[in-house]
Amino acid sequence: AQTIHQWPVAEIKAVGSPLSLGCTIKGKSSPNLYWYWQATGGTLQQLFYSITVGQVESVVQLNLSASRPKDDQFILSTEKLLLSHSGFYLCAWSLEGLGASAETLYFGSGTRLTVL
Amino acid sequence: AQKVTQTQTSISVVEKTTVTMDCVYETRDSSYFLFWYKQTASGEIVFLIRQDSYKKENATVGHYSLNFQKPKSSIGLIITATQIEDSAVYFCAMREVGASGSWQLIFGSGTQLTVMP
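Residues numbered from 1 in each chain as written. Chains lettered and ligands numbered in written order. Predicted model: local features only at pLDDT ≥ 70, side-chain atom pairs only at ≥ 80, totals over all residues. Heavy atoms only, no water.

**Q** Just give me the short version of the sheet that holds strand β8 (residues 73-78) of chain A, but keep the residues and values in it.
**A** All names here are of chain A. One open sheet holds the four strands; their spatial order is β1-β3-β8-β7, and the pairing between them is antiparallel. Whereas interior strands pair on both sides, the edge strands pair on one side only; in this sheet they are β1 (3-7) and β7 (65-70). On average, each strand axis in the sheet is inclined to that of its neighbour by 20°, with strand direction left out of account. Relative to β8, strand β3 (residues 19-26) runs antiparallel, the two sharing six bridges. Directly across from L21, in β8, lies its bridge partner L76. (Pairing = 2+ DSSP bridges. Helix = DSSP H or I, 4+ residues; strand = E, 2+ residues; numbered from the N terminus. Axes fitted to C-alpha atoms, helices over the stretch in contact; angles between N-to-C directions.)

The structure is reproduced here in structure tokens:
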């Protein structure tokens, strides 16, 4: 069975400090991977999308960057955090192609980020 | 612009009753996918059910079903025999193909469902 693991579970960081959030998917080869951001009480906003190792597309950058160094790993980072980066970050995966489950996104448990 | 609209911000029902949550969408795509997700109090996002636009039959999974009205661009979620643990925020979402060919899942603003004993 596939599993998706996000780390860390929560972070409290200072404005201007760097950030790195991670996500690992096990049990699926070559998944599509996504980063989403949710402000408190808000909707989910897609940030990045990756269909293969080394390739990442930006949807909304928010002064963040993403990388996919391995087939099963997706990293979200920034060198300087802003107050507006606070929120809930979710990683998700999907499969391309045909089939009842294709193209449905499945989410990790998320990382709560507080920037002070 | 392609978007997903949920006008009901919150709904309260008594357990064991049926509830319907509304969602309307706008898209230029001739083929698209619609989804409903649930976000629990812990923040977990759980996939519930989907409707492929080319399918005429309304999807059903367990006590979740959809009311798909394509001419009205509407995809309602129906939960029958509600339980206390159905209390959550429910998001409607639509797959959109972006200008670069990549695709996004666009979410509505969510509906908070409270199921009371």
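**Q** Give me the lowdown on the pattern of salt bridges, citing residues and values where you can.
**A** Per the stated rule, a full pass over the model turns up four salt bridges over all chains. Of the charged contacts in the structure, one is a salt bridge between R68 of chain A and D71 of chain A, with a shortest N-O distance of 3.4 Å. One salt bridge in this structure joins D52 of chain B and R50 of chain B, with 3.0 Å as the shortest N-O distance. One network of salt bridges, in which partners are shared, links R50, D52 and K55 of chain B. (Salt bridge = Lys/Arg side-chain N within 4 Å of Asp/Glu carboxyl O.)

**Q** Provide a residue-level description of the state of the cysteines, including the pertinent values.
**A** Residues and elements named next belong to chain B. Applying the stated rule across the entire model yields two disulfides over all chains. Paired through a disulfide, C23 and C92 show a sulfur-sulfur distance of 2.0 Å. With the S-S bond torsion at -75°, the cross-link from C23 to C92 turns out left-handed. Taken together, the positions of C23 in the loop between β3 (19-21) and β4 (24-26) and C92 in strand β10 (residues 88-97) put the pair 69 residues apart, joining distant regions of the chain. For the pair C23 and C92, one class covers both residues: buried. (Disulfide = S-S within 2.5 Å. Buried < 20%, exposed > 50% of the residue type's maximum accessible area, 1.4 Å probe, protein only.)

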